[in-house]
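Examination of the molecular architecture
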Amino acid sequence: MASIFSTPHPEKCPQCGSGLVHLEWRERVNTQEIHDLWRCFNCKSEFVTAATPDEREPSVVEITKPFFTSLIV
């Protein structure tokens, strides 16, 4: 499984325009927004991008159903 640090990305440094940036930190702010902290290898600046996740969050029923069987016989 690839880590989020090695995935290709379209981000460029807003300070120097370099494409040599890496994802330093990813934080889910709420269910609809993720903030990424990027660091530039060229000028050492940091910048934050905001994104919305493509996938939907699984419901509690979808998570627990495989683990709990029906007690009704």
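Summarised in this report is the structure supplied together with it. Residue indices begin from 1 for each chain and proceed along its sequence in written order. Per-residue local features of the predicted model are confined to residues with pLDDT of at least 70, and side-chain atom pairs are confined, for both listing and counting, to 80 or more; whole-chain, interface and lining totals are unaffected and use all residues. Side-chain numbers come from the whole structure's heavy atoms, not from hydrogens or water.

Considerations on the overall build of the chain
Put simply, the test is: Strands are runs of DSSP state E lasting at least 2 residues, helices are runs of H or I lasting at least 4, and numbering of each runs from the N terminus. The contact criterion used is simple: two residues touch if any of their non-hydrogen atoms lie within 4.5 Å. We get accessible surface area from the Shrake-Rupley algorithm with a probe of 1.4 Å; when it comes to residues, only the shown protein chains can shield them.
Within the chain, the regular secondary structure consists of 1 helix and 3 strands. The order of helices and strands in the chain, counted from the N terminus, is β-β-β-α. At a minimum sequence separation of 6, the contacts of the chain that also span at least 24 residues come to 23%. Carbon and sulfur atoms make up 60% of the accessible area of the chain, which totals about 6200 Å².

Re the side chain of D36
Stated precisely, the cut-off is as follows: Three labels apply to residues, based on accessible area from a 1.4 Å probe with only protein chains included: buried if under 20% of the type maximum, exposed if over 50%, partly exposed otherwise in between.
With respect to the secondary-structure elements, D36 resides in strand 2 (residues 33-40). What makes D36 buried here is its relative accessible area of 5%.

Details of the pattern of salt bridges
Definition in use: The salt bridge definition used is simple: a Lys or Arg side-chain nitrogen within 4 Å of an Asp or Glu carboxyl oxygen.
Applying the stated criterion across every chain, the model contains 3 salt bridges. We note a salt bridge from E24 to R39, for which the minimum N-O separation is 3.2 Å. On the criterion of sequence distance, the pair formed by E24 in strand 1 (residues 21-30) and R39 in strand 2 is long-range, its members being 15 residues apart. Residue class for E24 comes out partly exposed when judged on its relative accessible area of 30%. Taking the relative accessible area as the measure of exposure, R39 reaches 29% and is therefore partly exposed. For E46, the salt bridge goes to R39, with nearest N and O atoms at 2.4 Å.

Considerations on unusual backbone geometry
Despite not being glycine, K44 shows a phi value in the positive range, around 65°. Topologically, K44 is positioned in the loop between strand 2 and strand 3 (46-51). In this structure K44 comes out as exposed when scored by relative accessible area, which is 57%.

A short note on the sheet that holds strand 2
Two orientations exist for strands paired in a sheet by backbone hydrogen bonds: parallel and antiparallel. Inclusion rule: Pairing between strands is defined by DSSP: at least two bridges between them are needed. Each axis is a line fitted through C-alpha atoms, taken for helices only over the stretch in contact, and angles between the N-to-C directions span 0 to 180 degrees.
One open sheet holds the 3 strands; their spatial order is 1-2-3, and the pairing between them is antiparallel. Only two strands of the sheet have a single neighbouring strand rather than two, namely strand 1 and strand 3. Ignoring strand direction, the axes of neighbouring strands in this sheet form an average angle of 25°. Relative to strand 2, strand 1 is paired through 8 bridges, and the arrangement is antiparallel. Of the residues in strand 2, the one forming a bridge with L23 is W38.

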